[in-house]
Amino acid sequence: MAEGTIHNKDAFLNRIADKLGRKQSEVVALPAWKHQPQWSVFEDASSDDLLAAFCKSSTAKSVFVKETELANLRETLEEVIKKHGGGPIVTTKDARFSEYGLEQLFSDPETHIWNAALGRRNVELAKQANIGVIFSDISLAESGTIVQFNDRDIARSVSLLPVVYVAIIPKSTIVPRMTQATQLVHGLVKSGKELSTCINFISGPSNSADIEMDIVIGVHGPVEAVHIVVTDK
Amino acid sequence: MPMKIGEQPFFDRVDEALENDFMRTAMASAQDRLRGRKLDATVNDEQIGDWEEWRSAGEEIRRHTLENLDFYLNQLSENFSKRGGHVYFAETAEDATRYIQEVAKRKNAKKITKAKSMVTEEIGLNEALEEIGCQVYETDLAEYILQIDDHDRPSHIVVPSLHKNKEQIRDTFRDKAGYTGTEEPRELTAFARSQLREVFLEADIGVTGCNFAVAESGTISLVTNEGNANMVTTYPETQISVMGMERLVPTWKELDVMVNLLSRSAVGQKITTYITNLTPQLEENSVDAPKEFHLVILDAGRSNALGTEFQSALHCIRCAACVNVCPVYRQIGGHAYGSIYQGPIGAVLSPILGGYEDYGELPFASSLCAACSEACPVRIPLHEQLIRHREIYVAQKGKVSEKLAMKAFGIGASTPSLFQGAVKGMPAIMKPFVKNDSISSGPGPMKLWTSIRDFPSPEQNNFRSWFKHHKDGGDS
């Protein structure tokens, strides 16, 4: 991809440096922060403690939560889909669906698996879908948040346009809080890995409190959310 | 200047606000609720540990970032452009709007969707885009309400339509958008959703602000609840994000702390529904990501604070925690400030960004109780900065009579014999104004005070004479 452009940088930064009473800084080392309370949250929690906290936090954010073992995942997902109004369904193009034994379920002609080659047709189908099914890449116990690293296959639309999003949460993806997730991304940046165009932290259905501070669920994004936590294979 | 709300003098705006009973009740109720939620998510949340430790972490990060602002802005712009994004450093609001107009013209854009952002409000971006024939759609529910209500202005940084009740919103929807439903918030919200659904998918350009930019990766982070910012940044082919030059963090690790301080302080949530982190496009064949990404980094007066006693005002993360505890904002609401930035932080920031001519009176809209400084998650000493603004304003703009009075007071207060004489003589001087042991209509500088409340009459027995008598063994 071609590099972008930068306009007016030197004059702008020189003015800042001048106001700060020095020349432009060429090297700045990040200090060792004196205060780091974030690392103490759930410091000694076991994976079961984190799972319990994740489920509790998800429920507090108006998310329906199901726990299941891998052997029952397909059945559980079918139940969830039925309970929340059935198809049409849209999913990301994700090898994990096959790894978790869900390929057969999505062979249904009513299900659209994201296919970048079809261009904007994908968006039309996602808009018409009742349910979008995705995997969580990192899951935050403290806030019941799922994290998605979106790209051309793990499309943003799947969690955004349908009425309901259903996220499959492998138990091993649950970490204490945002601290661990951002640490991981920081590590990716430091090692020179390319970042996804969108790293999306999602905590339940969209909501607003803009009218007399009355919280209304489902504004522009999904109206319902389901987290299916699955014991890893 | 777009930052300015109305042309009325400050005290006229205050008088108008004090007569608006609905607005005052709404502000008080919103303050109580937002403050309660914040307390539950901060000092009362045992899970996160010591909230003061979090505030110190925030202060430490913000101070380091601002002290090295040029370095991190350079790093941000290099990383953003390396990934294909375009960066424009804008010294003024006009520079920023001109650049965005040029992009819109080049893209032949007609429809533009916008997510809520104070900085685009500050530079008058909607007006600039409408000037070149674009149709701009505000998509945040509150901003949508304000926009269709003849471009009303925000009255709160986080909850911009706080001054309107649901009946007023129903009437606006009915009169301006053909709504036929009730005043029920769910129904009103569903109507806004249906109105904007197709617009999101058809827009040529999506515009956002920026809660934080991550220097190490060239990432723009948006902290939201509604999902509209995700829509705005997913479907249009071109995305433009505008950020105040101070809104950045060095790395993703600091983003964690700042997002948590913002979510908890602003709306009392551990984390908002969406934290959307956008880095310019990596794969040109993605279907639902912008193909072109512009970042406009704005000074517009912010550098006036650098290297001065006001530098820490730039640490602000726009959570409005200070607004939600301010006893003055509670009474006069957001519009009375005459600036899109209201409350204590507005009274500190507005004179920095827009000068004392337009905003020099705002620092006087404070009781100096320091509740704002206590509430600030990044420990900006707001009440101290308000006092400093007052000093500068009086030195620069104060009336000659006021300056002479202050000078005379200075001489009197620093000369013991004059001070004692004034204290002893005060009861006699004020006697004509005293009625029932209080002054209801005082002269000169007391006039404004006593037009609202009574002033206690000066005591015959002043402290020094009491103390002398007490020391000599008399009764207290």
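Note that the structure is predicted; figures quoted are calculated from it, not measured.

Conventions we followed
Residues numbered from 1 in each chain as written. Chains lettered and ligands numbered in written order. Predicted model: local features only at pLDDT ≥ 70, side-chain atom pairs only at ≥ 80, totals over all residues. Heavy atoms only, no water. Helix = DSSP H or I, 4+ residues; strand = E, 2+ residues; numbered from the N terminus. Buried < 20%, exposed > 50% of the residue type's maximum accessible area, 1.4 Å probe, protein only. Contact = heavy atoms within 4.5 Å. Areas by Shrake-Rupley, 256 points an atom, 1.4 Å probe, with all protein chains shown as cover. Lys, Arg positive; Asp, Glu negative; His and termini not counted. Charge placed at Lys NZ, Arg CZ, Asp CG, Glu CD. Buried area = accessible area lost by both parts, 1.4 Å probe. Salt bridge = Lys/Arg side-chain N within 4 Å of Asp/Glu carboxyl O. Polar contact = N/O pair within 3.5 Å; in protein donor to acceptor, adjacent residues only side chain to side chain. Nonpolar A, V, L, I, M, F, W, Y, C, P; charged D, E, K, R; others polar. Pairing = 2+ DSSP bridges. Expected span 1.5 Å × (residues − 1). Phe/Tyr/Trp six-rings, centres within 6.5 Å; stacked < 30°, edge-to-face > 60°. Arc of directions from axis to C-beta. UniProt positions renumbered as here; feature names shortened; annotations may be inferred. pLDDT = per-residue confidence, 0-100. Patch = residues over 30% accessible without salt bridge, like charges linked within 9 Å, V, L, I, M, F, W, Y side chains within 5 Å.

### Brief notes about the overall build of chain A
Working step 1: Within chain A, the secondary structure is distributed over seven helices and 13 strands.
Working step 2: Looking at chain A residue by residue over its 233 residues, the buried ones come to 55%.
Working step 3: Summarising the internal contacts of chain A: among those between residues at least 6 apart in sequence, 73% fall at separations of at least 24.
Working step 4: Total accessible area computed for chain A in this model is approximately 9900 Å², and 49% of it derives from carbon and sulfur atoms.
Working step 5: Charge centroids of chain A, computed over 24 positive and 29 negative side chains, lie 7 Å from each other.

### Some points on the interface of chain B and chain A
Working step 1: Listed per partner, the contact involves 114 residues of chain B and 92 residues of chain A.
Working step 2: When chain B packs against chain A, the two sides together hide about 8800 Å² of surface, and 57% of this comes from carbon and sulfur.
Working step 3: Of all residues in chain B, B:Asp70, B:Arg193 and B:Val287 bury the most surface against chain A, accounting for 8% of the area lost on that side.
Working step 4: In this structure, the salt-bridge partner of A:Lys9 is B:Glu78, at a minimum N-O distance of 2.5 Å.
Working step 5: Viewed at the interface, chain A and chain B are joined by 54 residue pairs in polar contact (both at pLDDT 80 or more).
Working step 6: For the side of chain B that touches chain A, the class distribution of residues is 48 nonpolar, 37 polar and 29 charged.
Working step 7: Two elements, strand β1 (residues 6–7) of chain A and strand β1 (residues 86–90) of chain B, share two bridges in a ladder whose sense is parallel. In the strand pairing of β1(B), A:Ile6 is matched with B:Val87.

### A few points about helix α3 (residues 51–67) of chain B
Working step 1: The end-to-end C-alpha separation of α3(B) is 24 Å, in line with the 24 Å expected for 17 residues at 1.5 Å each.
Working step 2: Burial runs high along α3(B): 13 of the 17 residues are buried.

### Notes on the packing of aromatic side chains
Working step 1: Here the structure, examined in full by the defined rule, presents 18 aromatic pairs over all chains.
Working step 2: Centre to centre, the rings of A:Tyr100 and A:Phe135 are 5.2 Å apart; their planes meet at 55°, and the pair counts as tilted. In this pair, A:Tyr100 is assigned in the loop between α4 (95–99) and β4 (111–113) and A:Phe135 in strand β5 (residues 131–135), connecting sequence segments 35 residues apart. Across the pair, A:Phe135 and A:Tyr100 agree in class, each one buried.
Working step 3: Ring centres of B:Phe463 and B:Phe467 lie 5.8 Å apart, and the angle between their planes is 25°; this geometry places the pair in the stacked category. Separated by four residues within a single helix, B:Phe463 and B:Phe467 lie in helix α21 (residues 463–471), roughly one turn from each other.

### Describing helix α1 (residues 10–18) of chain B
Working step 1: Within α1(B), the full set of buried residues consists of B:Phe10, B:Arg13, B:Val14 and B:Ala17. Down the axis of α1(B), the sector holding all buried residues measures 100°, keeping them to one side.

### Description of unusual backbone geometry
Working step 1: Note the cis peptide between A:Gly87 and A:Pro88, where omega equals 0°.
Working step 2: Secondary-structure assignment places A:Pro88 in the loop between α3 (73–83) and β3 (89–91).
Working step 3: With a phi angle near 55°, B:His151 is a residue other than glycine that sits in the positive phi range.
Working step 4: Residue placement: B:His151 occurs in the loop between α8 (141–148) and α9 (166–177).

### A few points about the UniProt feature "domain: LUD" (unreviewed entry) in chain A
Working step 1: Those places that UniProt annotates as "domain: LUD" (unreviewed entry) correspond, in this numbering, to residues 64–230 of chain A.
Working step 2: Split by type, residues 64–230 of chain A is 25% helix and 31% strand. Its first and last C-alpha atoms lie 14 Å apart.

### Quick notes on the pattern of salt bridges
All names here are of chain B.
Working step 1: Applying the stated criterion across every chain, the model contains 42 salt bridges over all chains.
Working step 2: For Arg153, the salt bridge identified is with Glu121, shortest N-O distance 3.1 Å. In this pair, Arg153 is assigned in the loop between α8 and α9 and Glu121 in helix α6 (residues 118–122), connecting sequence segments 32 residues apart.
Working step 3: Relative accessible area serves as the criterion here: at 18%, Arg153 is assigned to the buried category.

### What about the sheet that holds strand β4 (residues 205–208) of chain B?
Strand pairing in a sheet relies on backbone hydrogen bonds, with the paired strands running either antiparallel or parallel.
Working step 1: The sheet built from seven strands is open, its strands ordered β1(A)-β1(B)-β10(B)-β7(B)-β4(B)-β2(B)-β3(B) with parallel pairing. Two strands close off the open sheet at either side, each with one partner strand: β1 of chain A together with β3 (135–138) of chain B.
Working step 2: Two strands pair when backbone bridges link them, and strand β2 (residues 111–114) of chain B and β4(B) are joined in this way by three bridges, in the parallel orientation. Residue B:Thr113 lies in a different strand from β4(B), and its bridge partner there is B:Gly206.

### Some details on the confidence of the model for chain B
Working step 1: Of the residues in chain B, 98% have a pLDDT of 70 or more, and the chain-wide mean is 92.
Working step 2: At the level of chain-chain contacts, confidence expressed as ipTM amounts to 0.97, with global pTM at 0.92.

### Overview of a negative patch on the surface
Working step 1: On the surface, a cluster of negative charge is made up of B:Asp12, B:Asp15, B:Glu16 and B:Glu19.
Working step 2: Along the chain, the position of B:Asp15 falls in helix α1.

### Regarding the side chain of B:Asp70
Working step 1: The topology assignment puts B:Asp70 in helix α4 (residues 69–82).
Working step 2: With relative accessibility at 0%, the residue B:Asp70 sits in the buried group.

### So, the pairing of strand β10 (residues 198–202) of chain A
Working step 1: When you tally the buried positions in β10(A), you get five out of five residues, the bulk of the element.
Working step 2: Both faces of β10(A) are covered, namely the face carrying A:Cys198, A:Asn200 and A:Ile202 and the face carrying A:Ile199 and A:Phe201.
Working step 3: Of the strand pairs in this sheet, strand β7 (residues 145–150) of chain A and β10(A) are connected by five bridges, and their pairing is antiparallel. Across the sheet, the residue bridging to A:Asn150 is A:Cys198, located in β10(A).
Working step 4: In the sheet, β10(A) pairs with strand β9 (residues 274–278) of chain B via five bridges, with the strands oriented antiparallel. Along β9(B), the bridge assignment pairs A:Cys198 with B:Leu278.

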